[in-house]
Amino acid sequence: QVQLVESGGGLVQAGGSLRLSCAASGRTSSIYDMGWYRQAPEKEREFVAAIGRSGGIIGYTDSVKGRFTISRDNAKSTVYLQMNSLKPEDTAVYYCAANRDGLGSRNARGYGYWGQGTQVTVSS
């Protein structure tokens, strides 16, 4: 089994930055792709970014391209999401996800492990 724990969320003004972290524990050697999703109130969970085991970027959703950067440190079993130029519409609960198949999916169904989420609130 794999456990994921996110941290780094909080309240920030528009234009500010936050760095989310997601630490994996358990059978971390079995983890391939890792990603970030977010869910705003009364909206469906949406893909934000994902990265492969070797550090290859799987992709970003269009609304965050040029502002968010995903990275990972396999030695620490941690994936990061650097979020710059934050906008009020980025407000959501951000979830970390991981899979064991390395298929490079952007679909949430492609991820079997999920964290509990961390709240990001961007004020205008």
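Residues numbered from 1 in each chain as written. Predicted model: local features only at pLDDT ≥ 70, side-chain atom pairs only at ≥ 80, totals over all residues. Heavy atoms only, no water.

### Considering the state of the cysteines
Link 1 in the chain: Across all of its chains, the model carries one disulfide by this definition.
Link 2 in the chain: A sulfur-sulfur distance of 2.1 Å marks the disulfide that ties C22 to C96. The disulfide joining C22 to C96 has a torsion of about -80° about its S-S bond and is therefore left-handed. With C22 in strand β3 (residues 18-26) and C96 in strand β9 (residues 92-98), the pair connects residues that are 74 residues apart, well separated along the chain. (Disulfide = S-S within 2.5 Å. Helix = DSSP H or I, 4+ residues; strand = E, 2+ residues; numbered from the N terminus.)

### Digging into the side chain of T118
Link 1 in the chain: Looking at the secondary structure, you find T118 in strand β11 (residues 118-123).
Link 2 in the chain: On the basis of relative accessibility, which here comes to 12%, the residue T118 falls in the buried class.
Link 3 in the chain: A polar contact is formed between the side chain of T118 and the backbone nitrogen of G9, at a distance of 3.3 Å.
Link 4 in the chain: Once residues within four sequence positions are removed from consideration, T118 is found in contact with E6, S7, G8, G9, L20, A92, V93 and Y94. (Buried < 20%, exposed > 50% of the residue type's maximum accessible area, 1.4 Å probe, protein only. Polar contact = N/O pair within 3.5 Å; in protein donor to acceptor, adjacent residues only side chain to side chain. Contact = heavy atoms within 4.5 Å.)

### Describing the packing of aromatic side chains
Link 1 in the chain: Scanning all chains against the criterion turns up three aromatic pairs.
Link 2 in the chain: Ring geometry for Y37 against Y111: centres 5.8 Å apart, planes inclined by 70°, an arrangement best described as edge-to-face. Of the two residues, Y37 sits in strand β4 (residues 34-39) while Y111 sits in the loop between β9 and β10 (113-114), which places them 74 residues apart along the sequence. Y111 shares its class with Y37; the two are buried. (Phe/Tyr/Trp six-rings, centres within 6.5 Å; stacked < 30°, edge-to-face > 60°.)

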